[in-house]
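Residue strings, one per chain:
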Amino acid sequence: MTQPPREIVNLGNIAKAFGAVRALAGVDLAVAAGECVGLVGHNGAGKSTLMNVLAGTLAPDSGSIVIDGKDLGRRYDVRVAHQHGIRCVFQELSLCPNLTVAENARIFHKSLTGFGWKRRAAGLIAAKLDEIFPGHDIQPGDTVGDLSIGRRQMVEIARAFTVTDEPLGLVILDEPTSSLDAVTAGQLLGFVRRLVAGGTSVILISHMLGEVLGACSRIVVMKDGGVVAGRPAADFTRDSLVAAMGTVVEAHDAPAAASLTAQRQGSVMVKARVKIQPDDRAFVAHRGEIIGLAGLAGHGQTKMLLQIYAAATRRDLFAEVAAPIAIIAGDRQTDGIFPLWSIGENVTIRSLPRMVRHFLIDQTAARAMAAEWHRQMRIKTPDMDHNILSLSGGNQQKALFARALGSDAEIVLMDDPMRGVDVGTKLEVYERIRQEAGAGRTFLWYTTETDELAHCDHVYVFRNGIIVDDFPRAELTEARVLRASFHEAA
Ligand SMILES: Nc1ncnc2c1ncn2[C@@H]1O[C@H](COP(=O)(O)OP(=O)(O)OP(=O)(O)O)[C@@H](O)[C@H]1O
């Protein structure tokens with residue numbers, strides 16, 4: 001008779017509150033060896049909080065933590081979790097920016113000490129990067145702060161899977177592909193499948209439901225601090241998963257290609273050239289257009305957006321901008337949120353100059369704006385005066401959207417802005433972008449999600465810092481984007 005797989009984690013009736021917010025209301029979760037469990041749910045459902053409890057970074061108010069059959073109760077913390085082979089790749093990346101890739105590996109793996117530790121750390125992390133992301137261009141001596149957010153995410157993942165003296169039993173991946181392009185995300189999911197087949201367990205949190213359905217053996221759905229469904233992945237479809245999450249949104253498909261004008265019209269709002277562009281191809285956005293920036297992550301898209309953003313305030317020989325501009329940062333921790341401020345202040349900051357009365361900020365108007373966006377973006381908080389860091393990752397991203405969309409900017413730059421945003425909110429934001437473009441706003445949208453390009457009127461594909469192809473939506477296919485991303489397009 002075959003033995004049932006060994007249960008390596010059993011969380012029982014876990015509760016956690018932050019002030020009046022009940023983040024976890026008595027959650028049970030068990031994981032067996034060699035299982036890949038998908039954890040899904042809307043922004044603020046409690047997924048990261050539950051994983052913080054399992055990783056030992058957050059003590060629950062009550063509940064039991066049984067690892068490998070041992071009830072670890074109150075003695076549980078990060079060190080104990082590590083000793084039992086439990087690792088976590090957090091949604092908000094935790095690398096030290098002023099240290100190199102190898103030095104960051106050393107911080108995670110305390111046993112890398114003594115003579116020659118740097119060389120050993122460099123060898124280990126390079127080998128793991130090669131194994132998970134073949135063809136990557138990250139060097140162990142690179143300073144982390146100089147890497148793009150996608151490359152930082154790759155280092156963080158490789159570091160969690162590196163084995164030194166502590167065992168590797170269960171790896172928690174919280175939104176691991178949010179800054180990875182489709183090719184790199186595919187490499188990671190392939191690696192996860194191989195690892196799970198070898199007996200390691202993985203918990204995968206993702207708002208990309210296709211990934212969860214494709215990579216996981218079982219899916220657990222959370223809603224408002226509780227588990228509302230848990231079944232084999234094969235028993236779910238994308239629609240039944242969305243329904244279990246309690247997402248009530250009408251799906252608005254991207255407009256059919258036939259309904260589009262191939263002719264690019266209207267006044268030119270942005271015109272930019274890449275300094276090293278070998279031909280005369282220019283990046284152009286007309287009023288009311290949604291322009292997509294595509295290609296593998298880190299191939300010049302963010303650089304182009306930042307160049308355009310800077311050109312709005314100072315003369316640039318390579319970029320012209322015809323109207324006020326706002327940017328939604330993809331790396332919210334570094335460039336987006338003001339961590340010491342409230343949610344309301346984070347939302348209204350860009351619009352305060354409009355609210356000055358008699359040399360003072362009209363606080364009533366600022367509060368009204370914060371309240372309006374609280375409602376419109378369904379930011380999950382009891383109070384917009386709470387600190388921005390009290391929000392879940394996806395809700396922080398919604399606040400950044402509110403800041404840009406609520407401003408008077410006629411051009412909105414979006415640097416892979418949907419990082420960690422749940423499926424329901426995404427569909428609403430897509431619809432809103434289309435409405436606003438219809439009313440004359442111009443959007444420049446870099447995305448690592450190929451599906452999102454279907455919302456763009458015209459797409460520019462970047463490779464090695466230059467534009468290698470551009471085409472209207474009517475000509476958009478995933479194959480064309482991939483072809484251009486890897487080879488110079490004809
Ligand atoms: N440090 C904190 N202080 C106050 N409230 C918090 C804190 N951390 C989390 N919360 C609240 O707990 C709830 C659950 O948050 P959590 O981050 O677990 O959600 P999530 O399901 O991971 O969401 P997302 O998909 O956006 O990452 C949210 O309402 C959040 O605002």
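Criteria and thresholds
- Residues numbered from 1 in each chain as written.
- Predicted model: local features only at pLDDT ≥ 70, side-chain atom pairs only at ≥ 80, totals over all residues.
- Heavy atoms only, no water.
- Helix = DSSP H or I, 4+ residues; strand = E, 2+ residues; numbered from the N terminus.
- Buried < 20%, exposed > 50% of the residue type's maximum accessible area, 1.4 Å probe, protein only.
- Lys, Arg positive; Asp, Glu negative; His and termini not counted.
- Salt bridge = Lys/Arg side-chain N within 4 Å of Asp/Glu carboxyl O.
- Contact = heavy atoms within 4.5 Å.
- Near = heavy atom within 4 Å.
- Polar contact = N/O pair within 3.5 Å; in protein donor to acceptor, adjacent residues only side chain to side chain.
- Areas by Shrake-Rupley, 256 points an atom, 1.4 Å probe, with all protein chains shown as cover.
- Nonpolar A, V, L, I, M, F, W, Y, C, P; charged D, E, K, R; others polar.
- Domains from an automatic or database assignment.
- Buried area = accessible area lost by both parts, 1.4 Å probe.

The next subject is the side chain of Asp422. Mapped onto the elements of the fold, Asp422 is located in the loop between β18 (411–415) and α14 (423–438). Lys398 is the oppositely charged side chain nearest to the buried, salt-bridge-free Asp422, at an N-O distance of 4.7 Å. Sequence-distant contacts of Asp422, that is, excluding residues within four places in its chain, are made with His42, Asn43 and His207.

Bringing the site of the ligand into the picture now. Close to the ligand lie 20 residues; Gly44, Lys47, Thr49, Ser390 and Ser392 are nearest. With respect to the ligand, the side chain of Lys47 contributes an N or O atom lying 2.8 Å from an oxygen atom. Note that an oxygen atom of the ligand is positioned 2.9 Å from one of the side-chain N or O atoms of His207. With the chains in place, 84% of the 640 Å² that the ligand exposes on its own is no longer accessible. Elements supplying a minimum of two residues to the shell around the ligand: β2 (21–32), α1 (47–55) and α13 (393–405). In the shell around the ligand, the residues fall into five nonpolar, 13 polar and two charged. In this structure, the shell around the ligand is formed jointly by two domains, domain 1 (7–245) and domain 2 (268–486), each of which donates at least three residues.

A separate point is the domain arrangement of the chain. In terms of domains, the chain is made up of domain 1 (7–245) and domain 2 (268–486). Placing a centre on the C-alpha atoms of domain 1 and another on those of domain 2 gives a separation of 28 Å. Contacts between the two partners involve 23 residues from domain 1, matched on the other side by 29 residues from domain 2. Per-residue buried area on domain 1 facing domain 2 is highest for Asn43, Glu92 and Asp181; these three make up 28% of the total on that side. Our count for the domain 1 to domain 2 interface comes out at zero salt bridges. Here domain 1 is connected to domain 2 by five residue pairs in polar contact (both at pLDDT 80 or more). Breaking the side of domain 1 that touches domain 2 down by element, the ones donating at least two residues are α5 (149–161), α6 (182–197) and α8 (238–244). Counting residues per element, the side of domain 1 that touches domain 2 draws most heavily on α5, which supplies three residues.

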